[in-house]
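Architecture at a glance
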Amino acid sequence: MMTYKLDKEAIKNQARGRWLAILPALDSRLSEACERVGVHVPCPMGTGSRDGFRLESSSVLDGHAFHNQVDNKILSDGFGVLAWLNNWSFYESLKAVHHYLNDGCKPELENRTIPHNEADRLQARKETVKKILSYAKATPNQATELYLHNRGLDAAININSPSLLHHAGVSIQYQGKAVKDASGAWVTVPALIGRLSSSRGWLGVSLIRVTKDGYKADEYIQQVITKYLGEKTKYIASKQLLKTTDSMSGGAIRLGKAGSVLCVGEGLETMLAVATRLDTLSVAACCTAQLLEAFEVPPQVKRLLIFADKDRQGRGEEAAHRLSKRLIGKIRVEILLPPSPIAEGSKGVDWLDDQAELAALQHIVGAQ
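The rules behind each value
Residues numbered from 1 in each chain as written. Predicted model: local features only at pLDDT ≥ 70, side-chain atom pairs only at ≥ 80, totals over all residues. Heavy atoms only, no water. Helix = DSSP H or I, 4+ residues; strand = E, 2+ residues; numbered from the N terminus. Rg over C-alpha atoms; globule rule 2.2 N^0.38 Å. Buried < 20%, exposed > 50% of the residue type's maximum accessible area, 1.4 Å probe, protein only. Contact = heavy atoms within 4.5 Å. Areas by Shrake-Rupley, 256 points an atom, 1.4 Å probe, with all protein chains shown as cover. Lys, Arg positive; Asp, Glu negative; His and termini not counted. Charge placed at Lys NZ, Arg CZ, Asp CG, Glu CD. Salt bridge = Lys/Arg side-chain N within 4 Å of Asp/Glu carboxyl O. Pairing = 2+ DSSP bridges. Disulfide = S-S within 2.5 Å. Expected span 1.5 Å × (residues − 1). Arc of directions from axis to C-beta.

**Let's talk about the overall build of the protein**
The secondary structure content of the protein amounts to 14 helices and 15 strands. Relative to the globule expectation of 21 Å for 368 residues, the C-alpha radius of gyration of the protein, 21 Å, shows essentially globular dimensions. Structurally, the protein occupies a C-alpha span of about 70 × 50 × 45 Å along its principal axes. Here the protein, with 368 residues, has 50% of them falling under the buried criterion. Of the contacts made within the protein by residues no fewer than 6 positions apart, 63% connect residues no fewer than 24 positions apart. A total accessible area of about 17200 Å² is found for the protein, and carbon and sulfur atoms account for 50% of it. Here the protein holds 46 positive side-chain charges and 40 negative ones, and the gap between their average locations is 4 Å.

Right under this line is the structure:
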């Protein structure tokens, strides 16, 4: 177990209000975001988001950031941002900030983002995705079938699409390395896989890691890391996007060939609900609000139905309206919001939560 020799609270207090100077000093890739506070800038790690990362004015207090393809709990403060970007532990981030504040320099810490340049990172990711897909199946395994059942998506179990695959055991990764158990074997979890594509071809995959009993694996992954590595981690998302091109812009998980009417939205599970309730595979799931905004509409589509997420920050609706605005004068566009109110304590509501209401909309797919 890692021993903390530095005073965590003292360093946090010392750094408070100074993060816009600390972050670029410790990692130059954060310079643009610090110079353009409140503005979306290219992802400093190169995940495919050309304008998916930002700091805001209040980030000066604790260094928190926002990213459209990374769970923002990971980026909840400057220590988390540095750990994410450099594959450091929390202690290493703490040490780096301590040295900067007290010695005016960056300590000699290893950046474990290997390989170091973007071209090599992309090639490594291509190889990873290729290996994952080589073991993926078109039919559900017991865990992914249970997951779809637990999400109220039994009808999606029988969907046959080259964009929807199932994996019996994807390795759990932490700080760029596969987690191994006491015997030295990789610790794996089943996964539901969506393949993203555009007119440029396949762009990457979306992984939803699940437990053997069919639930999201985020808590289980945390337990595994603590058990075998002795690291107490913050929230680790069970969902992950892995790109195989320089950008996923325009891409989506396209369940079937687009017809004259196309249904599009963010989450894969949400759009599986749309596909099954409206009895159509002319459906695309963009995975993030950022990718929804940039969605590439096939030329044969005459009418686009956007099944938007309703969330407290309004990001889902914002993305839907930006996509709609981009298509003004080209095709007919309708934005459909789930009718249910956002429950107290919930971040939002999507059409997966309103499947009964979805079924009542079946007629709109055929309407011209």
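**Remarks on the pattern of salt bridges**
Oppositely charged side chains are able to pair whenever their charged atoms sit close together. Following the criterion strictly, the structure yields 11 salt bridges and no others. Among the ionic pairs, R315 bridges to E318, the shortest N-O distance being 3.4 Å. Within this pair, R315 and its partner E318 are both found in helix α12 (residues 315-326), separated by 3 residues, close to a single helical turn. Judged by relative accessible area, which is 31%, E318 ranks as partly exposed.

**As for the pairing of strand β7 (residues 201-209)**
Buried residues dominate β7, accounting for 7 of its 9 residues. With 8 bridges joining them, strand β6 (residues 188-198) and β7 adopt antiparallel strand pairing. Across the sheet, residue L196 finds its bridge partner in β7, namely G204. Remark: 2 residues form the turn of the hairpin made by β6 and β7, two consecutive strands paired antiparallel. One ladder, built from 5 bridges, connects β7 with strand β8 (residues 239-243); its direction is antiparallel. Counted as the bridge partner of V205 is L242 from β8.

**Topic: the state of the cysteines**
Formally, a disulfide is one covalent bond, and it connects the sulfur atom of one cysteine to the sulfur atom of another. All told, the structure shown has 0 disulfides when counted by the stated rule. Between C287, a cysteine without a disulfide, and C286, which holds the nearest cysteine sulfur, the sulfur-to-sulfur distance is 7.4 Å.

**Some words on the environment of C286**
By the secondary structure assignment, C286 is in the loop between β11 (283-285) and α11 (289-293). Linking C286 and S197, residues 89 residues apart in sequence, is a C-alpha distance of 9.8 Å. Setting aside anything within four residues of it in sequence, one finds C286 in contact with L196, G251, A252, V264, G265, E266, L291, L292 and F295.

**A few points about helix α9 (residues 218-229)**
Taking 1.5 Å per residue, 12 residues should reach 16 Å; α9 reaches 16 Å between its end C-alpha atoms and fits that length. Buried within α9 are the following residues: D218, I221, Q222, V224 and I225. All buried residues of α9 fall inside an arc of 160° around its axis, so they share one side. Opposite its buried face, α9 presents the exposed residues E219, Q223 and K227, each directed more than 90 degrees away. Tucked into the core, α9 has its buried residues touching β4 (173-174) and β7. G230 lies just past α9 and shows a positive phi near 70°.

All we've got here are geometric facts, nothing functional implied.
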